[in-house]
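Results of the structural survey
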Amino acid sequence: MKRIAKFISYHPKIVALIAVLLLIPSAIGFIGTKVNYDILSYLPEELDSVKGEVILDKTFNSASMSFLVIDDMPAKDVVKLKEKIAQIDGIGSVIWVDDIADISIPESAMPQAISQIFYSGDKKSTLLLVRYEESAVSSRTMNAIEETRSIMNEQCFMSGMGVIMKDTMDMAETQAPIFIAIAVVLALIVMSFCMESWIQPLVLLTALGFAIVYNMGSNIFFGEISYITQTIAAILQLGVTMDYSVFLIDRFEEEKLNYTDKRDAMTAAIQSAFTSLAGSSLTTMFGFLALCFMKLSLGLDIGLVMAKGVVLGVITVVLVLPALVLIFDKQIHKYRHRSFIPKFDKLNASVIKHRRIFVIIFVVLLIPSYLMQSNIKTYYSMDKMLPEDTPCIAALNKMKTEFNMATSHFIIVDDSVEASKLVRMENEISRLDGVTTAVAYNSFVGSGIPDSMIPKAISSLVKVGGKQMMLVNTSYTSATDECNNQLDQLEEIVKKYDPHALITGEGAMYKDLIAITDHDFKLTSMLSILSIFILIAIIFKSVSIPAILVLSIELAIFINQSIAFITGTEISFIAPTVISCVQLGATVDYAILLTTRFREELRMGKDKKTAILEAANFSDRSIMQSALVFFAATFGVYVFCDINIVRELCGMLARGSIISAGVIIFLLTPTLLTLEGFINKTTIGLRKEPVSKRKTSKVTGGAQK
């Protein structure tokens with residue numbers, strides 16, 4: 001490492017040039033990485049709902065179906081519009097009444113099954129079923145949706161999973177560059193006030209910007225990433241890796257006192273930074289890697305991208321940032337100013353003086369905050385991830401009110417099942433509470449009409465490849481207890497007639513999503529806690545220190561999520577899982593910094609009260625600087641992003657960074673002092689450093705992560 005460090009320090013312009021050139025393939029990789037807007041596609045393949053979705057897509061070509069509601073339009077004009085839509089590239093077919101019956105027949109004279117599907121309760125609106133030739137997430141389908149909308153007028157309202165994905169994609173692509181820029185500006189402002197130079201924050205952000213581009217560009221090796229990962233990865237990477245760069249710069253300033261040549265000082269700083277950051281970044285990495293064990297592979301997506309981002313962040317700080325700092329060293333020192341972060345001496349003295357009160361607060365807050373965060377309301381459906389005024393959501397609400405179609409279930413049975421049994425099954429299903437319509441092959445044609453006489457539009461919709469599909473519309477909203485209970489009843493009925501039948505659709509997939517994420521939350525929380533506990537135990541050679549540190553950040557997480565319970569806010573299903581892993585991994589380093597300094601002060605022979613006061617005074621400025629930068633980056637997204645799931649995640653992460661800092665300053669500090677005797681008995685070398693390390697021991701300054 002010494003040779004590499006010396007090369008960087010003595011050839012900073014060459015290193016900077018290489019770093020800039022690497023941006024080119026990274027940018028190409030970023031552009032070439034596909035973005036997946038379908039959260040349900042991350043469900044495990046072995047689920048019945050997913051298997052059914054595959055059959056819908058491959059056999060019936062209905063997995064990407066959209067619904068087009070048309071208000072108060074004459075039948076002949078509806079036919080004209082339908083024909084225009086059917087000619088659009090990517091659209092397989094458009095199904096309406098005229099595929100089944102003559103439109104000259106009055107609506108009142110049509111079979112009830114047809115009337116219920118294609119006409120609203122007041123008969124003023126009609127419904128068209130639009131089927132695509134490819135999946136909802138394909139670019140061809142997205143283009144078809146956009147072209148369909150271009151020929152629609154104000155009387156038309158289009159919804160469906162593909163349309164929701166389209167609106168989500170448009171919103172993400174439009175807003176992401178804006179709120180990322182805002183996040184960078186806010187982070188720059190905070191850093192400018194926290195640091196002692198106006199130029200230094202620009203240099204740091206430039207280096208971290210390189211790391212972010214490298215990370216996003218290297219995602220091309222995954223083939224595709226989720227839109228959630230695409231949207232928040234840059235912000236999270238900026239927030240959790242900022243301290244790495246601060247540590248290197250602080251170490252560089254410290255080493256300048258020991259060397260006459262700043263290049264030699266930087267060489268020493270790089271070696272020290274690499275050793276320190278390689279270890280300290282593991283806590284953050286473990287937090288992200290815990291997400292990879294989720295059954296919902298969205299966690300794997302976020303976890304791998306962010307863990308890779310941490311690694312690239314460390315590498316960039318060690319290799320690229322030193323070159324930039326040396327190149328702009330004169331400018332950094334020319335525009336110096338005092339830091340505007342206040343000193344914490346008086347605050348820390350007061351906290352230590354009243355330490356028993358703060359320790360009691362620590363203990364008292366644990367149980368109620370845990371209980372409250374365990375009962376927060378979560379949502380799962382994609383329609384709640386977008387604002388109410390989004391076109392697809394407005395159309396979806398119209399379907400719910402006028403057609404009583406909150407959710408559609410698709411039942412797939414074998415074509416060998418007798419028609420009489422299927423009729424009985426349909427009748428049983430129709431009698432279930434909440435079911436508004438149950439439409440099957442026999443609903444259109446009856447059981448005695450030969451298949452050869454059935455219009456192709458109908459047969460291709462419900463009877464293909466040895467399978468029959470039944471459409472069940474319900475007034476229950478997906479991802480609710482009512483809908484999930486209804487699905488249990490449906491399964492009981494359907495399996496009675498065909499043990500191999502499959503139930504799929506939005507409701508069934510959300511039901512599986514709920515079951516999986518409940519398991520995922522417990523698993524990832526346990527893994528992140530266990531892995532970080534073990535890492536801290538190894539670092540401090542202690543049993544008590546990891547328990548106290550992890551518990552302090554867990555309390556911060558409980559408080560963060562309890563706020564959603566207190567305010568009655570409904571949050572996305574993924575938020576608790578991501579928050580529990582990311583907030584723990586990213587902010588436990590605040591606690592490690594304080595505890596490390598406390599141990600160093602004790603080893604100098606100071607009494608425990610003086611040691612904790614010195615440790616707190618040293619650490620608090622770094623903790624607040626880190627927390628404020630993390631807050632600024634994520635808060636900018638919270639304020640300006642309209643995608644609810646992204647907005648909520650960033651809002652909770654912003655809040656969590658401040659809460660974690662507050663818990664460390666006000667609760668962990670007095671707890672470490674109060675329990676010092678117990679910690680000393682359960683820790684190897686708390687007050688006395690092992691003999692093998694005394695010769696190389698050195699007290700370091702600066703912010704650590």
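Residues numbered from 1 in each chain as written. Predicted model: local features only at pLDDT ≥ 70, side-chain atom pairs only at ≥ 80, totals over all residues. Heavy atoms only, no water.

On to the overall build of the protein, then. The helix and strand inventory of the protein stands at 27 helices and 13 strands. In terms of overall dimensions, the protein has C-alpha extents of about 95 × 55 × 40 Å along its principal axes. In the protein, the proportion of contacts linking residues at least 24 apart, taken out of those at least 6 apart, comes to 81%. Only carbon and sulfur atoms are counted for the fraction: they give 61% of the accessible area of the protein, which is about 28,900 Å². On the protein, the mean spot of the 64 positive side-chain charges and the mean spot of the 69 negative ones are 15 Å from each other. (Helix = DSSP H or I, 4+ residues; strand = E, 2+ residues; numbered from the N terminus. Contact = heavy atoms within 4.5 Å. Areas by Shrake-Rupley, 256 points an atom, 1.4 Å probe, with all protein chains shown as cover. Lys, Arg positive; Asp, Glu negative; His and termini not counted. Charge placed at Lys NZ, Arg CZ, Asp CG, Glu CD.)

Let's shift gears to the sheet that holds strand 3 (residues 91–95). One key point about sheets: their strands pair by backbone hydrogen bonds, in either a parallel or an antiparallel sense. One open sheet holds the 4 strands; their spatial order is 3-4-2-5, and the pairing between them is antiparallel. Every interior strand has two partners, whereas the edge strands, strand 3 and strand 5 (156–159), have only one. For this sheet, the mean angle separating the axes of adjacent strands, direction not counted, is 20°. Relative to strand 5, strand 2 (residues 66–71) runs antiparallel, the two sharing 4 bridges. For Val69, the partnering residue across the bridge sits in strand 5 and is Phe157. (Pairing = 2+ DSSP bridges. Axes fitted to C-alpha atoms, helices over the stretch in contact; angles between N-to-C directions.)

With that settled, consider helix 17 (residues 419–430). The end-to-end C-alpha distance of helix 17 is 16 Å, a good match for the 16 Å that 12 residues give at a rise of 1.5 Å each. Every buried residue of helix 17 is accounted for by Leu422, Met425, Glu426, Glu428 and Ile429. Seen along its axis, helix 17 keeps its buried residues to an arc of 160°; they face one direction. (Expected span 1.5 Å × (residues − 1). Buried < 20%, exposed > 50% of the residue type's maximum accessible area, 1.4 Å probe, protein only. Arc of directions from axis to C-beta.)

Taken as a whole, this structure holds 22 salt bridges when the rule is applied. The residue Glu146 makes a salt bridge to Lys166 at a minimum N-O spacing of 3.2 Å. Note that Glu146 is positioned in helix 6 (residues 139–150) and Lys166 in helix 7 (residues 161–194), a separation of 20 residues in sequence. With a relative accessible area of 45%, Glu146 lands in the partly exposed category. With relative accessibility at 6%, the residue Lys166 sits in the buried group. One salt bridge connects Asp329 with Lys256, and the closest N-O pair in it is separated by 3.3 Å. Linking Asp329 in helix 13 (residues 329–334) with Lys256 in the loop between helix 9 (227–255) and helix 10 (262–289), this pair joins segments that are 73 residues apart in sequence. Note on Lys256: relative accessible area 22%, which makes it partly exposed. Members of the salt-bridge network, linked through shared partners, are Asp89, Glu133, Glu134 and Arg140. (Salt bridge = Lys/Arg side-chain N within 4 Å of Asp/Glu carboxyl O.)

In this structure the tally under the stated criterion is 9 aromatic pairs. Ring centres of Phe210 and Tyr214 lie 6.3 Å apart, and the angle between their planes is 55°; this geometry places the pair in the tilted category. Of this pair, Phe210 and Tyr214 are both found in helix 8 (residues 200–218), 4 residues apart, which corresponds to roughly one turn of the helix. Taken as a pair, Phe210 and Tyr214 share a single burial class, namely buried. For the ring pair Phe635 and Tyr638, a centre distance of 5.9 Å and an interplane angle of 35° mean the geometry is tilted. Taken together, the residues span about one helical turn, with Phe635 and Tyr638 both in helix 24 (residues 608–640) at a distance of 3 residues. According to the relative accessible area criterion, Tyr638 is partly exposed, its value standing at 31%. Feature note: the residues Phe193, Trp198 and Phe340 constitute an aromatic cluster, connected by ring pairs. Seen from the ring of Tyr10, Lys6 lies directly overhead, with NZ or CZ sitting 5.9 Å from the centre. Looking at Lys398, its charged tip hangs above the ring of Phe157, at a distance of 4.7 Å from the centre. (Phe/Tyr/Trp six-rings, centres within 6.5 Å; stacked < 30°, edge-to-face > 60°. Lys NZ or Arg CZ within 6 Å of the ring centre and 35° of its normal.)

Relative to the helices and strands, Val94 is located in strand 3. Its relative accessible area of 5% is what places Val94 among the buried residues. A sequence separation of 26 residues divides Val94 from Leu68, and the C-alpha atoms of the two residues are 9.7 Å apart. The contact partners of Val94, leaving out residues within four places of it in the chain, are Lys82, Ile85, Ala86, Asp99, Leu128, Leu129 and Val130.

With that settled, the discussion passes to the packing of helix 9 against helix 11 (residues 298–319). Contact geometry of helix 9 with helix 11 gives a least axis separation of 9 Å together with a crossing angle of 30°. Taken together, the axes of helix 9 and helix 11 are roughly parallel relative to one another. Judged by the twist between their axes, the crossing of helix 9 over helix 11 is right-handed. Where helix 9 approaches helix 11, its residues Ile228, Thr229, Ala233, Leu236, Gln237, Val240, Thr241, Tyr244, Ser245 and Leu248 are matched on the opposing element by Leu298, Asp301, Ile302, Val305, Met306, Gly309, Val310, Gly313, Val314 and Val317. In the contact of helix 9 with helix 11, the residues fall into 13 nonpolar, 6 polar and 1 charged. (Parallel < 35°, antiparallel > 145°, perpendicular 65-115°, else oblique. Left-handed = near helix turned anticlockwise from the far one by under 90°. Nonpolar A, V, L, I, M, F, W, Y, C, P; charged D, E, K, R; others polar.)

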